[in-house]
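Summary of structural features
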Amino acid sequence: MLDIAEELHRWVEQGREFAVATVVATNGSAPRQPGAALAVDADGTAIGSVSGGCVEGAVYELCQEALRTGEPVLERFGYSDEDAFAVGLTCGGIIDILVQPVRTSVPRPAGDSGGAGKPVDSTADTLAAALAASTSGEAAALARVVQGPAELLGRALLVRPDGGHTGTLGGHPGLDHTVVEETRALLDAGRTATLEIGAEGSRCGSPVVLLVESSVPAPRMIVFGAIDFASALVKVGKFLNYHVTVCDARPVFATRTRFPDADEIVVDWPHRYLDSQELDSRTVLCVLTHDAKFDVPLLERALRLPVAYVGAMGSRRTHLDRQQRLRDIGLSELEVNRLRSPIGLDLGARTPEETALSIAAEIVANRRGGTGAPLTGAHTPIHHDTTRPVGRIGSVA
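Rules used throughout
Residues numbered from 1 in each chain as written. Predicted model: local features only at pLDDT ≥ 70, side-chain atom pairs only at ≥ 80, totals over all residues. Heavy atoms only, no water. Phe/Tyr/Trp six-rings, centres within 6.5 Å; stacked < 30°, edge-to-face > 60°. Helix = DSSP H or I, 4+ residues; strand = E, 2+ residues; numbered from the N terminus. Buried < 20%, exposed > 50% of the residue type's maximum accessible area, 1.4 Å probe, protein only. Contact = heavy atoms within 4.5 Å. Expected span 1.5 Å × (residues − 1). Pairing = 2+ DSSP bridges. Axes fitted to C-alpha atoms, helices over the stretch in contact; angles between N-to-C directions. Parallel < 35°, antiparallel > 145°, perpendicular 65-115°, else oblique. Left-handed = near helix turned anticlockwise from the far one by under 90°. Nonpolar A, V, L, I, M, F, W, Y, C, P; charged D, E, K, R; others polar. Salt bridge = Lys/Arg side-chain N within 4 Å of Asp/Glu carboxyl O.

What follows concerns the packing of aromatic side chains. Applying the stated criterion across every chain, the model contains two aromatic pairs. Ring geometry for tryptophan 11 versus phenylalanine 18: centroids 5.6 Å apart, planes at 65 degrees, classification edge-to-face. Pairing tryptophan 269 with phenylalanine 294 gives two aromatic rings, centres 5.0 Å apart and planes at 40 degrees, and the pair type is tilted. Pair noted here: tryptophan 269 is in the loop between β13 (264-267) and α8 (270-275) and phenylalanine 294 is in helix α9 (residues 292-302), with a separation of 25 residues, a long-range link. On the basis of relative accessibility, which here comes to 34%, the residue tryptophan 269 falls in the partly exposed class.

A word on the environment of alanine 230. With respect to the secondary-structure elements, alanine 230 resides in helix α7 (residues 228-239). A residue is classified by how much of its surface remains accessible, and alanine 230, at 0% relative accessible area, is buried. Spatially, the C-alpha atom of alanine 230 lies 8.5 Å from that of phenylalanine 259, the residues being 29 residues apart in sequence. Not counting the four nearest positions on each side in its chain, alanine 230 is found in contact with Val223, Gly225, Phe259 and Leu288.

With that settled, consider helix α4 (residues 122-136). For α4, with 15 residues, the first-to-last C-alpha span of 21 Å sits near the 21 Å given by 1.5 Å per residue. All of the buried residues in α4 are Thr123, Ala124, Thr126, Leu127, Ala128, Ala130, Leu131, Ala133 and Ser134. Looking at the residues trailing α4, positive phi occurs at glycine 137, about 85 degrees.

Below, the discussion takes up the sheet that holds strand β4 (residues 73-78). Spatially, the five strands line up as an open sheet ordered β3-β2-β1-β5-β4, and their pairing is antiparallel. Both outer strands of the open sheet, β3 (46-48) and β4, are each paired with one neighbouring strand and no more. Direction aside, the axes of adjacent strands within the sheet are offset by 20 degrees on average. In this structure, strand β1 (residues 18-27) lies alongside strand β2 (residues 37-41), joined through five bridges in antiparallel fashion. The partner of valine 20 across the bridge, within β2, is alanine 39.

The geometry of α9 relative to helix α10 (residues 316-328) is characterised by a closest axis approach of 10 Å and an angle of 50 degrees between their N-to-C directions. Between α9 and α10, the interaxial angle falls into the category oblique. Two packed elements cross with a definite hand, and for α9 against α10 that hand is right-handed. For the pair α9 and α10, the contacting residues are Ala292, Asp295, Val296, Leu299 and Glu300 in the first and Arg322, Arg325 and Leu326 in the second. For the contact of α9 with α10, the class distribution of residues is four nonpolar, no polar and four charged.

Turning our attention to the sheet that holds strand β12 (residues 243-248). Read from one edge to the other, the open sheet built from five strands follows the order β13-β12-β11-β14-β15, with strand pairing classed as parallel. This sheet does not close on itself; its edge strands, each paired only once, are β13 and β15 (309-312). Strand-to-strand twist in this sheet, taken as the mean axis angle between neighbours without regard to direction, amounts to 15 degrees. In the sheet, strand β14 (residues 284-287) pairs with β15 via four bridges, with the strands oriented parallel. Each residue of the ladder has a partner; that of valine 287, found in β15, is alanine 312. Across the sheet, helix α12 (residues 352-368) touches β11 (220-224), β14 and β15, and the angle it forms with β15 is around 155 degrees.

Turning our attention to unusual backbone geometry. As a rule of thumb, non-glycine residues mostly have phi less than zero, and peptide bonds are mostly trans rather than cis. Cis peptide bonds are those with omega within 30 degrees of zero, and the linkage from serine 341 to proline 342 qualifies with -5 degrees. In the Ramachandran plot, asparagine 241 falls in the positive-phi region, its phi being about 70 degrees despite a non-glycine side chain. With respect to the helices and strands, the residue asparagine 241 is situated in the loop between α7 and β12. Residue classification places asparagine 241 among the exposed positions, given a relative accessible area of 57%.

Overall, the coordinates contain 23 salt bridges when judged by the stated rule. We note a salt bridge from glutamate 7 to arginine 10, for which the minimum N-O separation is 2.4 Å. Remark: arginine 10 and glutamate 7 occur in helix α1 (residues 5-13); sequence separation between them is three residues, near one turn of the helix. Judged by its relative accessible area of 26%, glutamate 7 is partly exposed.

In this section: helix α5 (residues 173-188). For α5, which comprises 16 residues, the first-to-last C-alpha distance of 23 Å matches the rise-based estimate of 22 Å (1.5 Å per residue) to within 8%. What α5 keeps buried is the set Leu175, Asp176, Thr178, Val179, Val180, Thr183, Leu186 and Leu187. Looking at the residues trailing α5, positive phi occurs at glycine 190, about 65 degrees.

Where α1 contacts α4, the two axes come as close as 9 Å, and the packing angle between them is 125 degrees. Between α1 and α4, the angle falls in the class oblique. Here the hand of the crossing between α1 and α4 comes out left-handed. Every residue of α4 that contacts α1 at Ala5, Glu6, Leu8, His9 and Val12 is listed here: Ala128, Leu131, Ala132, Ser134 and Thr135. For the contact of α1 with α4, the residue count by class is six nonpolar, three polar and one charged.

Here it is in structure tokens:
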């Protein structure tokens, strides 16, 4: 649901009633991953997607039904389901979708009596708080019950990094406590995942499965070297939803005019700037300077940081020379081998835009566990599930 948080937050502020359908589990070649959402308001306006088009029509109708009944519903669509096949899920996968009506305590616009007299759902207020947190860039995770006792379906907790939370899973404080602690661990990693809690761990006598959606500030991409290739890479980085910084020691090149799309432009020696930053495991570092006086002290530090990706531009000859320089100043073979150089995948790129695409493709492949090989004729999975682990607590009966 948080992938369309900004628009849904506007709907909440406008007092619009809506139903939101969220992919909560997948199996096989599913077109969208858990967390993907489609929402429909009382006027029939729809945003988002749960299947890339396969079952949108059927899910749209489920949302309209949820608006009429006020009740959440869990629905499965799959290749083996004749009804689902009829509406177009022909990819061979299975998706479970939770549909929830959302009616918050936010007042409707003056003169609008729609929804008057209808009870407000406290779970909806928790969902509204999650949308507000995501829109504002606050780190928080939304945990929703997607399997378990019927009365708990759709119940939600909004969990913050310090363990503070909003909402309840229905009068089971032990369950709330367990979910808060496990959700915090997923939030720390910035991950969306399915959380399974056995009957003993749930404290409510039945196993419970939750979808945890983490909303964290955008991951960082730091581009070192204010060259023409960097300008193209900044644009692609923004397209991939990175917070992009350009750093170069030369003020004549590191300017807003040259990099209008960058979130930050820093004039400083690259290694000194890197030393000043607190980086997490989602950060990607792209070194485009291919100048030893900049590269070597920068890479000495970068390759010892727990970041997601370190790539450096240069010819194969430059790469071999760079590797030896790094060994000479004390980096281990394991550290040296973390370096992606020459940077990018082999796309035959020539222009700055094509080169930026090849770098971005390598970053995505590294993040998602892809091989970079053509899908045509391959027997590898189309979708890799490297960022959505499953947590288990207790034993599921």
